[in-house]
Structure formats: structure tokens, C-alpha cells
Amino acid sequence: MNDQQLLRYSRHILLEQIGIEGQQKISAAHALVIGAGGLGSPAALYLASAGVGTLTLVDNDEVDLTNLQRQVLHTTARIGQPKVSSGKQTLEQINPEIRIIALQERAENQRLEELVSLASIVLDCCDNFATRHAVNAACVKFGVPLVSGAAISFDGQVSVFDSRNPHAPCYACLFPPEQPFEEVLCSTMGVFSPLVGIIGSTQAAEALKVIMGIGEPLQGRLLLLDALRMEWTSIGISKNLQCPVCGNRHGN
Ligand SMILES: [Zn+2]
């Protein structure tokens, strides 16, 4: 680390749990952020400012006026631009020392697997169950830790699924893929602006902890936030040995 980097990250380095060693782990990490919207914005802002060495942002959407109430990576002047290039501009202004890869695409199937296999950690900041399940399956397949977040209306949830641990549950253990569900979208339900900031920032915090191997990540726990009461609830999640995604990996 050069003098500028020592200064930039000095408030991290001062923390005994982080220090230079932890900061170097952050610099060596490659985070894949799926979605550059409400959750992806705060998550990417904190990962970039904290110095995550490589940040890949994936989103196929363009910035829309209705996004600006909560998607803090973007600006009014960038309406109509791809969200990933708007995000890249914002992040580079905050931290020009890191590498930001902006991919305007809907990552699916083999492409998604390729992107996940290159990452050291994945943050699922998307807005639909199909993508969440696909991201989870790819993370299990390649043993890449996943920080999952969701927010709608005044309700948020966040958890960590670390398939490097064969006893850890995956997203599909919690929400079985074959179970019918009702998809609720921000575009129809609405979403409280700071809620996505709270959940997305929590995802960034968990990702940094997993990268450094400090503290106790939210593995095996689902954190639920009721923002109207500003009340957090933590519920335990167990591995489903019959899980179609991770169930056969026990003891591998
Ligand atoms: Zn599972």
C-alpha cells in the first residue's frame, strides 16, 4: 500500500479487527454485484469506498426518473443511460484506485456461472425470485459466498449463504424453488426510500466481514427488518438435507 492508500483507508486500518492485513484482503477481493438499483447502489458505494479491488456491476436496465427516489448511484442528468455506466461513473469518482467492470446485460445460465466463478463474493441485489435462485445455484456450484438482500414496501431481509461450509444452508433451503410464490415488485407495491439503503448497506457490511473473515457473518440466520417499527428480527435457518440445490453436497 502506498501513502495515499494508507491515508484513504486509515480509518479501517485503525480498527484492530481490520488493520493493514484486513484492508489488503479487501483490496484483493472481487465482488460481483447483481443489480445496480435500490440495494445495489448503497452496496456498491460502500464496497467501492472501502476499497474492494475489483467490482463487477451487472444490470440490463437504464436509469429512469422513478428510480431516483432511492437508487443513490444515479443522477437526474443520467436518466436514459445504462445503470451500470452511471454506477461506474459515480464509483470511480469516489475511488479511482479500484477496477470497476460495468456489464449491461441480464446474466443468466452459463454467463451467470462464468461471472460467479470469477468472483470471490456475490451480492444479490436483484428484484426477482428467478434471478435469486439462479444466483444461489451458481454460488453453490462454485463455492462462492452469497450475500442476499431483498426490500419491498417497509420490509427488508438479509442473509449470508456460504456454501464453502458444507453444513451451511443455501437460499433454496430457505425458499424451496418448487414452492409457489407471489412475486411482489417495487413497481406495483412501492418501497420506502431509506429501507433499500439500510438493507444494501447491511449487505456491504456482511460482504466485507466475509472477505476479511472477521466477526460473525449472518450465516444460518435471516435478518428481517420492519422499518415501520424499526424492529429487527433474527431467525435461524437450517440446511435442508433434501435441498435440490445443495442437499447432496453434505460431506463433499
Ligand atoms: Zn440448499
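Keep in mind it's a predicted model, so treat the numbers as computed, not measured.

What should I look at first to understand the sheet that holds strand S1 (residues 30-34) in this one?
Sheet strands pair via backbone hydrogen bonds, and the direction of the pair is either parallel or antiparallel. Pairing is mixed in the open sheet, where 8 strands are placed in the order S3-S2-S1-S4-S5-S6-S7-S8. Two strands lie at the open edges of the sheet, namely strand S3 (99-103) and strand S8 (231-236), each paired on one side alone. Averaged over all neighbouring strand pairs, the angle between strand axes comes to 15 degrees, with direction disregarded. Against the sheet, helix H4 (residues 40-50) makes contact with S1, strand S2 (54-58) and strand S4 (121-124), and its axis sits at roughly 165 degrees relative to S2, the strand it touches most.

Quick question: what am I supposed to make of the side chain of His-133 here?
Along the chain, His-133 turns up in helix H7 (residues 129-142). Residue classification places His-133 among the buried residues on the basis of a relative accessible area of 14%. Among residues more than four places away in sequence, those in contact with His-133 are Tyr-171, Ala-172, Phe-175, Pro-176 and Pro-177.

Which parts of the structure should I look at to understand H4?
An α-helix turns once every 3.6 residues. As a result, residues three or four positions apart point the same way. Among the 11 residues that make up H4, 9 are buried, leaving the element largely enclosed by the rest of the structure. Phi turns positive one or two residues past the end of H4, at Gly-51, with a value near 95 degrees.

Looking at this model, I keep getting lost on the coordination of the zinc ion. Mind explaining?
Reference geometry at the metal: tetrahedral coordination by four donors gives ideal angles of 109.5 degrees; octahedral coordination by six donors gives 90 or 180 degrees. Summarising the metal site, the zinc ion is bound by the protein donors Cys-170 (SG), Cys-173 (SG), Cys-243 (SG) and Cys-246 (SG), whose distances to it range over 2.3 Å. One can describe the site at the zinc ion as tetrahedral: its 4 donor atoms subtend angles covering 94 to 123 degrees at the metal. Spacing between the donor residues of the zinc ion along their common chain follows C-x2-C-x69-C-x2-C. Given the relative accessible area of 11%, Cys-173 is considered buried.

Explanation requested: the packing of helix H6 (residues 109-118) against H7 in the structure shown.
For any two helices packed against each other, the geometry comes down to the angle between their axes and how far apart the axes lie. At their nearest, the axes of H6 and H7 sit 9 Å apart, and the two run at 50 degrees to each other. Of the possible angle classes, the one that applies to H6 and H7 is oblique. You can see that H6 and H7 cross each other, and the crossing is right-handed. Listed contacts from H7 to Leu-112, Glu-113, Val-116 and Ser-117 of H6 are Ala-134, Val-135, Ala-138, Cys-139, Lys-141 and Phe-142. Each residue belonging to the contact of H6 with H7 can be placed in one class, and the counts come to 7 nonpolar, 1 polar and 2 charged.

Parameters and conventions
Residues numbered from 1 in each chain as written. Predicted model: local features only at pLDDT ≥ 70, side-chain atom pairs only at ≥ 80, totals over all residues. Heavy atoms only, no water. Pairing = 2+ DSSP bridges. Helix = DSSP H or I, 4+ residues; strand = E, 2+ residues; numbered from the N terminus. Axes fitted to C-alpha atoms, helices over the stretch in contact; angles between N-to-C directions. Contact = heavy atoms within 4.5 Å. Buried < 20%, exposed > 50% of the residue type's maximum accessible area, 1.4 Å probe, protein only. Donors = N, O, S within 2.8 Å, 3.2 Å for Na, K, Ca; no water. Tetrahedral: all angles 85-135°; square planar, octahedral: opposite > 155°, others 65-115°. Parallel < 35°, antiparallel > 145°, perpendicular 65-115°, else oblique. Left-handed = near helix turned anticlockwise from the far one by under 90°. Nonpolar A, V, L, I, M, F, W, Y, C, P; charged D, E, K, R; others polar.

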